[in-house]
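Reading the structure
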Amino acid sequence: MIRYRAFFHGKTDAGLSRSRRAGKKSGVELAHERFKFIRLFFVLSIAALLVLLTGFIITLGPLNISVADAYSALLARFWPDYFHVETLTSRVVWNIRFPRIVGGIMAGFGLGICGCVMQAVLKNPLASPFTLGITAGAQFGISIAAVIGVSIFGGPYFIIGNAFVCALFCSLFIIALAAIKGATSENLVLAGIAVNYFFTAISQLLKYFASDEQLRLMTNWGMGDLAAFSWANSRLLLAVFVICFPLLLSKSWDLNIMTAGDEAAKSIGVDAEKTRIFIMIVTSLLVATIVCFMGTIAFVGLVAPHMARMVIGGDHRFLIPASGVLGGLVLMSADAVGMNMIAPTIIPTGIMTSIVGVPFFMYLMMKGKRKEFWT
Amino acid sequence: MMIKLQAKDIIFGYDSNPILENVNFEIAPSRLVTIVGPNGSGKSTLIKCIDRIVSPQGGSILIDRKDVTKMSRMDVARYLSYVPQSSVRIFPTNVFDTILMGRRPHIGWLGSDGDEEKVWDVLRLLNIERLAMSNFNELSGGQQQKVLIARALVQEAEVMLLDEPTSNLDIWHQLDVMNIIRDVVKKREITAIMALHDLNLASTYSDRIIMMKRGRIVAAGDPTSVITAENIASVYRVEAAVRNLSDRPMIMPLRQIKG
Ligand SMILES: Nc1ncnc2c1ncn2[C@@H]1O[C@H](COP(=O)(O)OP(=O)(O)OP(=O)(O)O)[C@@H](O)[C@H]1O
Ligand SMILES: [Mg+2]
C-alpha cells in the first residue's frame, strides 16, 4: 500500500521526492546517476581526445613539428601576440596538414551522425549512407551534373544540388522498400548493394562518353578523397553542417521513440512517417555535400554509431554527438595511418576505412542472425 | 479531470477488407472497461482506431466532445496512452529510458528532474524499480509488459488503452497489474479500456464489458448482463457454466460447441 501512495498523490508528494533526493538513494538510483555521469563524461572525453589527436597527427610527416609547435601554429592564427612559430611550420600546418584533418573530422562527423539517425528511423543496425547506396546516388548526381554541364547553370551549387536530388531519390526508394512488409535489414542492404552497382555502372558509362572537360569535372568532384578538401570548400560544408546538425539533434526524443517501433511512436505522439522522411531528407543533404567534397567514404557511418551505442546506450541526445565525434576520430585516425604507414606512398582514405569497416560489418551481419545487436 | 469517451459509427478495414463495422459506444469518466471477444474479432484493431494508430475510414471518436481524428499526434498522445501487447527493440535500451519516453508529450529537449522523479515513482508503483538499469530486451515477457504499462502511466493521459496487458503475467502479477490499473482509474479519475481474454479477470475488475464478434459489438453492459452462458455460447461457441462469486459472474468452460 505504501508504494501506491507516492504515485497517486503525485504533486503533494514533492516533499517525499525531495527528501529522497537529499538523502538515501537506492542502489539502482545510484547506478542510474552513475550511468548519466558516464554518458556525459564519455561524450566530453572523446571530444577532448579529438583535440589531442589533432595535435598529434599534425606532427606526423616529413617535416618535423613538435606537438607544442602544432598547437602554437594553430593558436597563433587567433592570438598572434601570445603564440609564435616559424613561418614554414605555420604554412605546413595551415596549408597541408590541418586542412586534411579538418576535412576528415567533418566528413567523419557528418557520416557518423547520418548513420546514427538512419539506423534509428529505419530500425536497421546495418543502415548507413554507404550500405544503403545513398553515397552512390550522390556520386551519380555529380556525374550527371558534369555531363549536363556546370557552366550552363553555374558553379558548385548545381553539382551539390544535383547530388542532393539523386541522394534523396535513393533515400525515398529505401523508405518505400522498408515500408514493404517483411523487408528485413538484410534485404535493405542487398537493395543498397544493387543501387551501388547500378549507379557505379552508369557513372562509368557516362565517363566513357564524357569530353575531357566533363571528365575533369567528374574527377574534381566526388571522386577524390580527403586530399581534395580545402579551406575554400570548407565554408559551404560548414554551412550545411550548421543547418543539419541542430535539426537532427532537435529530433533526439523522436528518434529515441522511433526505435520502439512505429505504433509505439505514434501512441506517444511522434508521427513516425513524417519523422522518417524528414530525417532522410536532412541526411541526404549532408551525405550529398560530403560526397561532393570528399568522395565516397565507406563504413565510417556504420561503425561510429555502434561504437557509441555500446558505451552510452540509446539516448540520441548523447548518441548523435557521440557518433559524430567517434566518426571524426575513426576517419582522422584511419587517414593518418594511411598517410604515414608506408610514406611517402599515400593510401587513399576510402581504402583505409573499408579495411577497418568490412570486418566490423561482417561481424554485425553474423550477430544480426540472432536478432540482437550489442546486447 | 472528468472525461467522457464516445465512439460513433467507427468503420475500419485493412485494404477494403472490413474489420470493424459501425462500432458505437460511450464510456463515462473514471471507468474500467474491458473488451472481450474471440481471436480476430477486432479488439486490437478497435483499440488502435481509438488511438488513431490506424485511421478509421468512417465515424468519429470524441473525448470531451473533441474529435480525436482531427487532433495533432501530440494532442492525441496527451489524451490517450496505449500499451501494446508486446514490443521488440532492435537496439539495447535500458528500462528507465524506455519508460522516460512516455514523458515525450510533456517535456522539452533537456528533460527535467521532475520527469525522472515520475519515472521512479511509477517504477516503485509497479515494483520493478530494481530493473531500472536492465536492458529491456533481456527482460522476461511479463517484466516487459510491466515496463510498457509503466511507460503508459508516466504519459499521464486521460484515457489508457491496454491490449491484453496481462497475457504474459502469472496470476500474482495479473492481480497486481489489474489492482494498480483499477486504483489509477479511481484516483486519477481516468478511463481505462483494455482488451482481455480472461473472462473471469474481466468480470472481477470491469465496471463495464464490451463483447465483440466479427467486428461488431454484440453485448455491452455490466459484467452480470454480459457474461452469461447464452452470450458465451453464441460468441465463443463454448458451453460454459456461469456462477456468481461475490456478485460477479465467474465462468467455467465445459466443452466446445461443434458445427
Ligand atoms: N496489419 C493487418 N493487416 C491486415 N489485416 C489485419 C491486420 N491486423 C489485423 N488484421 C485482421 O483484422 C482482424 C482483427 O484483428 P485484431 O488483431 O483486431 O483481432 P483481436 O480481436 O485483437 O484478436 P486477438 O484476440 O487474437 O488478439 C483479423 O481478422 C486480422 O486478420
Ligand atoms: Mg489482439
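The preceding data block contains the structure.
Note that this is a predicted model, so its numbers are computed, not measured.

Conventions used here
- Residues numbered from 1 in each chain as written.
- Chains lettered and ligands numbered in written order.
- Predicted model: local features only at pLDDT ≥ 70, side-chain atom pairs only at ≥ 80, totals over all residues.
- Heavy atoms only, no water.
- Helix = DSSP H or I, 4+ residues; strand = E, 2+ residues; numbered from the N terminus.
- Buried < 20%, exposed > 50% of the residue type's maximum accessible area, 1.4 Å probe, protein only.
- Contact = heavy atoms within 4.5 Å.
- Areas by Shrake-Rupley, 256 points an atom, 1.4 Å probe, with all protein chains shown as cover.
- Axes fitted to C-alpha atoms, helices over the stretch in contact; angles between N-to-C directions.
- Parallel < 35°, antiparallel > 145°, perpendicular 65-115°, else oblique.
- Left-handed = near helix turned anticlockwise from the far one by under 90°.
- Nonpolar A, V, L, I, M, F, W, Y, C, P; charged D, E, K, R; others polar.
- Pairing = 2+ DSSP bridges.
- Core = buried A, V, L, I, M, F, W, Y, C linked by side-chain atoms within 4.5 Å.
- Disulfide = S-S within 2.5 Å.

What follows concerns the overall build of chain A. When its secondary structure is counted, chain A shows 17 helices and 0 strands. Counting every position in chain A, which comprises 375 residues, the buried fraction comes to 54%. A separation threshold of at least 6 residues defines the contact pool for chain A, and within that pool the share at least 24 residues apart is 74%. Accessible area of chain A: about 16800 Å², with a carbon and sulfur share of 70%.

As a further point, take the environment of Ile160 of chain A. All names here are of chain A. Looking at where Ile160 falls in the secondary structure, it is placed in helix H8 (residues 155-179). Given the relative accessible area of 8%, Ile160 is considered buried. Note: C-alpha distance between Ile160 and Phe361 (201 residues apart in sequence) is 29 Å. Excluding its chain neighbours within four sequence positions, the residues that come into contact with Ile160 are Leu236, Ala288, Thr289, Cys292 and Phe293.

Let's shift gears to the packing of helix H15 (residues 300-312) of chain A against helix H16 (residues 316-340) of chain A. All names here are of chain A. It is the contact of H15 with H16, at a shortest axis distance of 8 Å, that shows an interaxial angle of 125°. Relative to H16, the element H15 is oriented oblique. The interaxial crossing formed by H15 with H16 has right-handed handedness. Of the residues in H16, those in contact with Val300, Ala304, Pro305, Met307, Ala308, Arg309 and Ile312 of H15 are Phe318, Leu319, Ala322, Ser323, Leu326, Gly327, Val330 and Leu331. For the contact of H15 with H16, a count of residues per class yields 12 nonpolar, 2 polar and 1 charged.

All names here are of chain B. Strand direction decides the pairing type here: strand E9 (residues 208-213) and strand E10 (residues 216-221), joined by 5 bridges, are antiparallel. Following the sheet pairing, Ile209 is matched in E10 by Gly221. The hairpin formed by E9 and E10 contains 2 residues between the paired strands, and Arg214 there has a positive phi angle of roughly 45°.

What follows deals with the nonpolar core. Counting residues in hydrophobic clusters, the biggest one holds 91 residues, and the most contacted among them are Val93, Leu132, Ile134, Leu237, Leu286, Met294 and Ile297 of chain A. When residues of this core are assigned to their parent elements, the largest contribution, 19 residues, is made by helix H5 (residues 87-122) of chain A. When residues no more than four places from it in sequence are discounted, the contact partners of Val93 of chain A are Ile58, Ile65, Ala73, Leu74, Phe98 and Pro99 of chain A. Core analysis: the second largest hydrophobic core is formed by 55 residues, Ile149, Ala192, Tyr205 and Ile227 of chain B among them.

This part covers the sheet that holds strand E5 (residues 66-67) of chain B. All names here are of chain B. On the basis of which strands lie adjacent, the open sheet formed by 4 strands has the order E2-E1-E4-E5 and antiparallel pairing. In this open sheet, the two strands that pair with only one neighbour each are strand E2 (17-27) and E5. Strand direction decides the pairing type here: strand E1 (residues 5-14) and strand E4 (residues 58-63), joined by 5 bridges, are antiparallel. Directly across from Ile11, in E4, lies its bridge partner Gly58. Strands in contact with helix H1 (residues 43-50) are E1, E2 and E4; relative to E2, the strand with the most contacts, it is inclined by about 65°.

A separate point is the state of the cysteines. Applying the stated criterion across every chain yields a total of 0 disulfides over all chains. The closest cysteine sulfur to the non-disulfide-bonded Cys166 of chain A is located on Cys170 of chain A, 7.4 Å from its own sulfur.

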